[in-house]
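So you can see what is in the structure, the chains are spelled out below.
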Amino acid sequence: LVGSEMCIRDRNYVNCEIIPKPQIQLSYRDYFNYYVSNIDNKCKIRENAERVMLEHLRYYVRGQIHVLEIPAVFQNHHKNYPLVLHFVGDNGVGKTLTANTIADTYFLTKNQAHQPNGLLLIRGEQFKGDSDDQIMLNRKKLSTILTHQIQNCQNSIIIVDEVELIYTQTLEAFLPFMDESAVIYNDNMQPISTKDLIFIFISDFGSSGISINFNTEQLIALVNDDIEKIWQSSKLRQLIRFVVPFHPLKLLNLAEIVNIELNRLIEKFNSIQKQLTFGECVDFYIACKSKIISSENYARQIETLIAHEIHPLLFSNLKNKIQINIENNCYYFKAANDNNLLDFKQQIINSKL
């Protein structure tokens with residue numbers, strides 16, 4: 001584990017694929033506001049955005065091979081119509097991280113809240129409700145928000161998170177903005193082009209039946225069945241041009257995510273002239289514990305474990321050289337895999353750094 005690159009190992013710690021850290025450094029975060037308006041038409045697209053996007057997705061998003069196809073989709077999009085993508089899969093597998101990474105690498109500048117100029121984020125939680133009055137109110141709100149955003153930035157990226165919480169009739173407020181044959185007017189009744197817009201819908205469709213052993217074909221079939229049931233005859237299905245299935249994360253993927261977080265800590269300590277190192281299996285220690293403690297959203301559990309177990313060791317230590325190791329040995333963490341993890345449950349829980 002080193003600060004400038006990541007070693008993606010096989011489970012036997014033998015082979016190692018080195019993935020260099022992206023040269024352009026960005027600050028990743030969740031964007032919590034339910035919408036972000038662009039100001040003063042500053043939503044400039046980054047030069048070589050697709051290349052930068054690929055570098056960052058390859059480094060930061062683990063266990064999701066289909067994510068690496070997204071930059072090519074952007075590059076090959078002819079902009080005769082809006083590009084609409086749908087990220088589907090369970091919670092905590094990288095869907096929101098991927099969407100945020102796309103926005104961060106696509107746009108050149110950020111606003112005062114450190115959010116990409118050109119990003120509009122809509123959360124399903126804000127638009128729940130299936131009564132006729134609530135649907136009508138939510139559709140009107142969505143239409144107003146979208147029109148305002150597009151007036152300021154016609155090449156906006158519009159992320160719609162928690163799609164499963166939004167009633168289908170409410171979601172259909174997006175149709176005029178996604179359909180190239182529809183016409184949108186601004187406040188001065190002038191037509192606005194929507195052909196440069198990019199929509200990213202994020203949902204957990206199909207997640208209830210996903211197995212960690214599913215291949216891509218099985219995952220897509222499950223997702224399509226779920227979409228068919230939920231959206232039925234809605235035109236939404238026709239306008240989504242690229243579905244990105246997200247697989248459940250395996251133990252090795254979780255260890256890779258831990259490596260990324262530990263690298264960040266190493267760099268932080270290097271910046272204050274301190275040397276921080278982690279011993280063998282610390283990555284799998286955190287990965288195994290996260291999978292045992294939580295039945296879902298393992299990535300969030302990783303953050304919690306690092307905060308609770310590693311941070312206290314770091315910030316209570318005044319030495320310039322700090323090494324963190326597992327208290328006993330690595331046996332259980334080397335032997336554990338996705339199929340036998342529960343056999344070592346007690347030993348893993350009792351282990352300490």
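Per-chain numbering applies: the sequence of each chain, read as written, is numbered from 1 onward. Predicted model: local features are reported for residues with pLDDT of at least 70 only, side-chain atom pairs are reported and counted for 80 or more only, and whole-chain, interface and lining totals are derived from all residues. Only heavy atoms go into the side-chain values, all of them from the structure, while hydrogens and water stay out.

Some details on the overall build of the protein
Helical segments are the DSSP runs of H or I of at least four residues, strand segments are the runs of E of at least two, and each set is numbered from the N terminus. Counting its regular elements, the protein contains 13 helices and eleven strands. Exposure is judged per residue with a 1.4 Å probe applied to protein chains only, and the accessible area is read against the type maximum: over 50% gives exposed, under 20% gives buried, and values in between give partly exposed. Here the protein holds 353 residues, and 48% of them are scored as buried. For the protein, the proportion of contacts with a sequence separation of at least 24, taken over those separated by at least 6, is 78%. Only the protein chains shown count as cover for residues, and all accessible areas are computed by the Shrake-Rupley method using a 1.4 Å probe. Counting only carbon and sulfur atoms, one obtains 47% of the accessible surface of the protein, whose full area is about 17,300 Å². By the convention used here, residues are in contact when the closest approach between their heavy atoms is within 4.5 Å.

Observations concerning helix H11 (residues 298-315)
Each turn of an α-helix holds 3.6 residues, which means side chains three or four residues apart point in the same direction. Every helix has an expected span of 1.5 Å times one less than the residues it contains. In a regular helix each residue adds 1.5 Å, so 18 residues correspond to 26 Å; H11 covers 25 Å between its end C-alpha atoms and thus fits that length. Where H11 bends most, the angle comes to about 35°, and this point is alanine 307. The complete set of buried residues in H11 reads Tyr298, Gln301, Ile302, Leu305, Ile306, Glu309, Ile310 and Leu314. Buried residues in H11 make contact with helix H9 (251-271), strand S10 (275-278), helix H10 (282-293) and strand S11 (321-324). Note that the bend at a residue is defined as the angle between axes fitted to the seven residues ending at it and the seven residues starting at it.

Some thoughts on the environment of glutamine 323
Relative to the assigned elements, glutamine 323 resides in strand S11. Expressed as a C-alpha distance, the spacing of glutamine 323 and leucine 313, which sit ten residues apart in the sequence, is 9.7 Å.

Looking at the sheet that holds strand S3 (residues 83-88)
The strands that make up a sheet are held in pairs by hydrogen bonds between backbone atoms, and each pair lies either parallel or antiparallel. Strand pairing is assigned whenever DSSP identifies at least 2 bridges connecting the two strands. Reading across from one edge, S4-S5-S8-S3-S9 is the order of the five strands in this open sheet, with parallel pairing throughout. In this open sheet, the two strands that pair with only one neighbour each are strand S4 (119-123) and strand S9 (242-245). Here the strands of the sheet are splayed against their neighbours by 15° on average, with no regard to which way each runs. Where strand S5 (residues 157-161) and strand S8 (residues 198-203) come together, four bridges link them in parallel fashion. The residue of S8 that forms the bridge with isoleucine 158 is phenylalanine 199. Those strands touched by helix H4 (residues 132-152) are S4, S5 and S8, and its axis lies near 170° from that of S4. Angular values range over 0 to 180 degrees, each being the angle between N-to-C directions of two axes fitted as lines to C-alpha atoms, with helices fitted over their stretch in contact.

Topic: the packing of helix H1 (residues 49-60) against helix H3 (residues 95-106)
Direction vectors running N to C along H1 and H3 enclose 145°, while the axes themselves pass 9 Å from each other. Between H1 and H3 lies a crossing whose hand is right-handed. The residues of H3 that touch H1, namely those facing Ala49, Val52, Met53, His56, Leu57 and Tyr60, are Leu97, Thr98, Thr101, Ile102, Thr105 and Tyr106. A class-by-class count of the residues in the contact of H1 with H3 yields eight nonpolar, four polar and no charged. Less than a right angle of anticlockwise turn of the near helix away from the far helix marks a crossing as left-handed, whereas a clockwise turn marks it as right-handed. The nonpolar class holds Ala, Val, Leu, Ile, Met, Phe, Trp, Tyr, Cys and Pro. Asp, Glu, Lys and Arg form the charged class, and all remaining residues, Gly among them, are polar.

Topic: unusual backbone geometry
Positioned with a positive phi, asparagine 48 is a non-glycine residue whose angle comes to about 55°. For asparagine 48, a relative accessible area of 44% corresponds to the partly exposed category. The residue cysteine 281 is not glycine, and still its phi comes out positive at about 75°. With respect to the secondary-structure elements, cysteine 281 resides in the loop between S10 and H10. Residue cysteine 281 is classed as buried on the basis of its relative accessible area of 2%.

What about the nonpolar core?
Within this scheme, the nonpolar core is defined by two criteria: the residues are buried Ala, Val, Leu, Ile, Met, Phe, Trp, Tyr or Cys, and they are joined through side-chain atoms within 4.5 Å. Counting 63 residues, the largest nonpolar core has Ile70, Phe74, Phe87, Ile200, Phe278 and Ile310 as the members making the most contacts within it. Element by element, the count of residues in this core is highest for H9, at nine residues. Of all hydrophobic cores here, the second largest spans 33 residues; its members include Val160, Val163, Phe201 and Ile210.

Details of the pairing of S3
The buried fraction of S3 amounts to six of the six residues, a majority that puts the element mostly inside the structure. Neither face of S3 is left uncovered, since the one carrying Leu83, Leu85 and Phe87 and the one carrying Val84, His86 and Val88 both have all their residues buried. Judged from the six bridges that link them, S3 and S8 form a sheet pairing that is parallel. Looking across to S8, one finds that valine 88 is bridged to serine 203. One ladder, built from four bridges, connects S3 with S9; its direction is parallel. Among the inter-strand pairings, leucine 85 is bridged to a residue of S9, identified as phenylalanine 242.

Details of the pattern of salt bridges
Salt bridges are defined by distance alone: a side-chain nitrogen of Lys or Arg within 4 Å of a carboxyl oxygen of Asp or Glu. Inspection of the entire model under this criterion finds 13 salt bridges. The closest approach of N and O atoms between glutamate 261 and arginine 264, which form a salt bridge, is 2.7 Å. With glutamate 261 and arginine 264 both in helix H9 and three residues apart, the pair spans about one turn of that helix. Under the relative-accessibility criterion, glutamate 261 is labelled partly exposed at 23%. Relative accessible area serves as the criterion here: at 34%, arginine 264 is assigned to the partly exposed category.

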